[in-house]
Amino acid sequence: MKQFRSTMALVTLAAAFSFAGCGDDDDSTVGAAGNQNGGGQAGAGGSSDDGALECEVVGELCHEADLGSGPAHDCHELGHDGDGPACHAQFSSCIHTCVQDEDGSPSTDQDPKCLALGELCHPVDDKNGPLHECHELGHDGEAAACAAGFEDCAKRCLAARELLPEPGEGGAGGASSTNGGAPAAGGAAGAGVAAAGGGAGGAP
């Protein structure tokens, strides 16, 4: 009888340890799964840079370079289509296509974000304020600095460009000045057209 009780006690203890071991395994498995799920959720947010700003910059800078067909036209359309991933992937090639060197050839040897900021902020340079600093940042040509300041500077300069008069506005003011007086102020973007209109107005 005593031997039977001892045997039963051992069986009971073995079963208890076995159950406890299974419980620990389950808990650890759940914990691992929870950690994996948590990690997945944390990574699901992705990058905050979805390419939307690059689309705006490409659309703006390729507007004047668009001749109706060809690579610059394609880039202009890409910018206005607003496909962020596509703009991000083609940003460098489009900026080098649409922003030209002084001799009129496409720029190919500069960092695309520096090149974009130098061109984007040129007509809105405020001489001693943040827009001037963004303009200079672009022309300094330091890729790391341009990458760090691109988002802030691009937004500032795009917003400032929105306030510029359309090129035709300056020209229209000059053309309507039949007495040869100074043309209506057209801003930097319309300066050439405005000057031509003023000269035409001054002719007898």
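Just so we're clear, the structure is a prediction, and the values are computed from it rather than from any experiment.

Enquirer: Quick rundown of the pattern of salt bridges? Include the residues and the values.
Expert: In the structure shown here, the tally under the stated rule is three salt bridges. With its nearest N and O atoms 2.8 Å apart, the salt bridge here joins Glu 60 to Arg 161. Placement of the pair is Glu 60 in helix H2 (residues 52-61) and Arg 161 in helix H7 (residues 143-162), with a sequence separation of 101 residues. Residue class for Arg 161 comes out buried when judged on its relative accessible area of 16%.

Enquirer: Outline the packing of aromatic side chains, listing residues and values.
Expert: Following the criterion strictly, the structure yields one aromatic pair and no others. Relative to Phe 150, the ring of Phe 91 lies with its centre 5.7 Å away and its plane at 75 degrees, an arrangement referred to as edge-to-face. One end of the pair, Phe 91, is in helix H4 (residues 84-98); the other, Phe 150, is in helix H7, and 59 residues separate them in sequence. As far as burial versus exposure is concerned, Phe 91 and Phe 150 are alike and both buried.

Enquirer: Report on H7, specifying residues and quantitative values.
Expert: Along its length, H7 reaches its greatest deviation from straightness, about 60 degrees, at Phe 150. All of the buried residues in H7 are Cys 146, Gly 149, Phe 150, Cys 153, Ala 154, Cys 157, Leu 158, Ala 160 and Arg 161. Looking at the buried positions of H7, the neighbouring elements they touch are H2, H4, helix H5 (112-120) and helix H6 (130-140).

Enquirer: How would you summarise the state of the cysteines if you had to cite specific residues and measurements?
Expert: Under the counting rule described, the total for this entry stands at six disulfides. A sulfur-sulfur distance of 2.1 Å marks the disulfide that ties Cys 75 to Cys 94. Because the sign of the S-S torsion sets the handedness, a value of about -85 degrees for the bond joining Cys 75 and Cys 94 places this disulfide among the left-handed ones. Residue Cys 75 is located in helix H3 (residues 71-81), and its partner Cys 94 is located in helix H4; the two are separated by 19 residues in the primary sequence. A residue is classified by how much of its surface remains accessible, and Cys 94, at 0% relative accessible area, is buried.

Enquirer: Give me the nonpolar core: which residues, what numbers.
Expert: Counting residues in hydrophobic clusters, the biggest one holds 34 residues, and the most contacted among them are Val 57, Ile 95 and Phe 150. Elements supplying a minimum of two residues to this core: H2, H3, H4, H5, H6 and H7. At seven residues, the largest contribution of residues to this core is made by H7. Among residues more than four places away in sequence, those in contact with Ile 95 are Val 57, Val 58, Leu 61, Pro 112, Leu 115 and Ala 116.

Enquirer: Kindly report on the environment of Leu 164, identifying the contributing residues and their values.
Expert: Residue placement: Leu 164 occurs in the loop between H7 and helix H8 (167-175). In sequence terms Leu 164 and Val 124 are 40 residues apart; their C-alpha atoms lie 8.1 Å from each other.

Enquirer: Which residues make up the packing of H2 against H3, and what are the values?
Expert: Close contact between H2 and H3 brings their axes to 7 Å; oriented N to C, the two are set at 140 degrees. Judged by the inter-axis angle, H2 sits oblique to H3. The element H2 and its partner H3 pack so that their crossing is left-handed. Where H2 approaches H3, its residues Cys 55, Val 58 and Gly 59 are matched on the opposing element by Cys 75, His 76, Leu 78, Gly 79 and His 80. Split by residue class, the contact of H2 with H3 holds four nonpolar, four polar and no charged.

What counts, and where the lines are drawn
- Residues numbered from 1 in each chain as written.
- Predicted model: local features only at pLDDT ≥ 70, side-chain atom pairs only at ≥ 80, totals over all residues.
- Heavy atoms only, no water.
- Salt bridge = Lys/Arg side-chain N within 4 Å of Asp/Glu carboxyl O.
- Helix = DSSP H or I, 4+ residues; strand = E, 2+ residues; numbered from the N terminus.
- Buried < 20%, exposed > 50% of the residue type's maximum accessible area, 1.4 Å probe, protein only.
- Phe/Tyr/Trp six-rings, centres within 6.5 Å; stacked < 30°, edge-to-face > 60°.
- Bend = angle between axes of the 7 residues up to and from the residue.
- Contact = heavy atoms within 4.5 Å.
- Disulfide = S-S within 2.5 Å.
- Core = buried A, V, L, I, M, F, W, Y, C linked by side-chain atoms within 4.5 Å.
- Axes fitted to C-alpha atoms, helices over the stretch in contact; angles between N-to-C directions.
- Parallel < 35°, antiparallel > 145°, perpendicular 65-115°, else oblique.
- Left-handed = near helix turned anticlockwise from the far one by under 90°.
- Nonpolar A, V, L, I, M, F, W, Y, C, P; charged D, E, K, R; others polar.

Geometric descriptors of this kind do not, in isolation, establish any biological role.
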